[in-house]
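# Geometric and topological summary
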Amino acid sequence: MRNNERPPFEIHTATEAISIEHRNNGNYTVKLFQQRTQRYIQLDADVVILATGYVTKSPSNLLSSIEKSMKINEQAFPICGEDYNIYEKKFGKIYIQNAEINTHGFNAADLSLGPYRNACIINSILNKKYYDITNLPVFHQFVS
């Protein structure tokens, strides 16, 4: 996106589709209920994509040998910091990607965020700001 243009789409998180009405012009009227704000929303759209969810599994079985040294939540998911570190001992760290939904939100599996995650991890490994991750242009726009 250039010149701070808005992307030509919106992502509505924690939102329930109440109804979708197909109009004669080919567009849709969508009635939504936003869970966090407890408000109803109505919008017009030319395309509607429904993300109906998925089930994630804890990677703890892969990490069982170090699990006692990790911070985990009640569902056995690792709790990671901003640098994606889940384990730190005197001689090393272990970083995680795409399994940090409980600490970084639903977009943890979004592969387009890979370069950002990689930069955070590299900065942590090097223990310095090799990649500047501040004021990056954001393509995603989440609406709540």
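Note that the coordinates shown come from a computational prediction; the quantities given were computed from them, not determined experimentally. (Residues numbered from 1 in each chain as written. Predicted model: local features only at pLDDT ≥ 70, side-chain atom pairs only at ≥ 80, totals over all residues. Heavy atoms only, no water.)

### Comments concerning the overall build of the chain
- Across its full length, the chain carries two helices and seven strands.
- Secondary structure elements of the chain occur, N-terminal to C-terminal, as β-β-β-β-β-β-α-α-β.
- In the chain, which comprises 144 residues, the proportion classed as buried is 24%.
- A total of about 10900 Å² of accessible surface is found on the chain, and carbon and sulfur atoms cover 51% of it. (Helix = DSSP H or I, 4+ residues; strand = E, 2+ residues; numbered from the N terminus. Buried < 20%, exposed > 50% of the residue type's maximum accessible area, 1.4 Å probe, protein only. Areas by Shrake-Rupley, 256 points an atom, 1.4 Å probe, with all protein chains shown as cover.)

### Thoughts on the pattern of salt bridges
- All chains considered together, the criterion is met by two salt bridges.
- Of the charged contacts, one joins Arg-23 and Asp-44 as a salt bridge, the two residues approaching to 2.7 Å between their closest N and O atoms. Taken together, the residues Arg-23 in the loop between β2 (15–22) and β3 (28–34) and Asp-44 in strand β4 (residues 39–45) connect sequence positions 21 residues apart.
- Under the relative-accessibility criterion, Asp-44 is labelled exposed at 56%.
- Salt-bridge contacts for Asp-132 lead to Lys-129; the nearest nitrogen and oxygen are separated by 3.8 Å.
- Look at Asp-132 and you get partly exposed, because its relative accessible area is 48%.
- Take Lys-129: its relative accessible area is 57%, and that puts it in the exposed class. (Salt bridge = Lys/Arg side-chain N within 4 Å of Asp/Glu carboxyl O.)

### Focus on unusual backbone geometry
- The phi angle at Gln-38 is positive, at roughly 60°, despite the residue not being glycine.
- In this fold, Gln-38 is placed in the loop between β3 and β4.
- We classify Gln-38 as exposed; its relative accessible area is 52%.
- We note that Tyr-84 has phi near 70°; this positive angle belongs to a residue other than glycine.
- Counting through the fold element by element, Tyr-84 comes out in the loop between β4 and β5 (85–89).

Shape descriptors only; they carry no functional weight alone.
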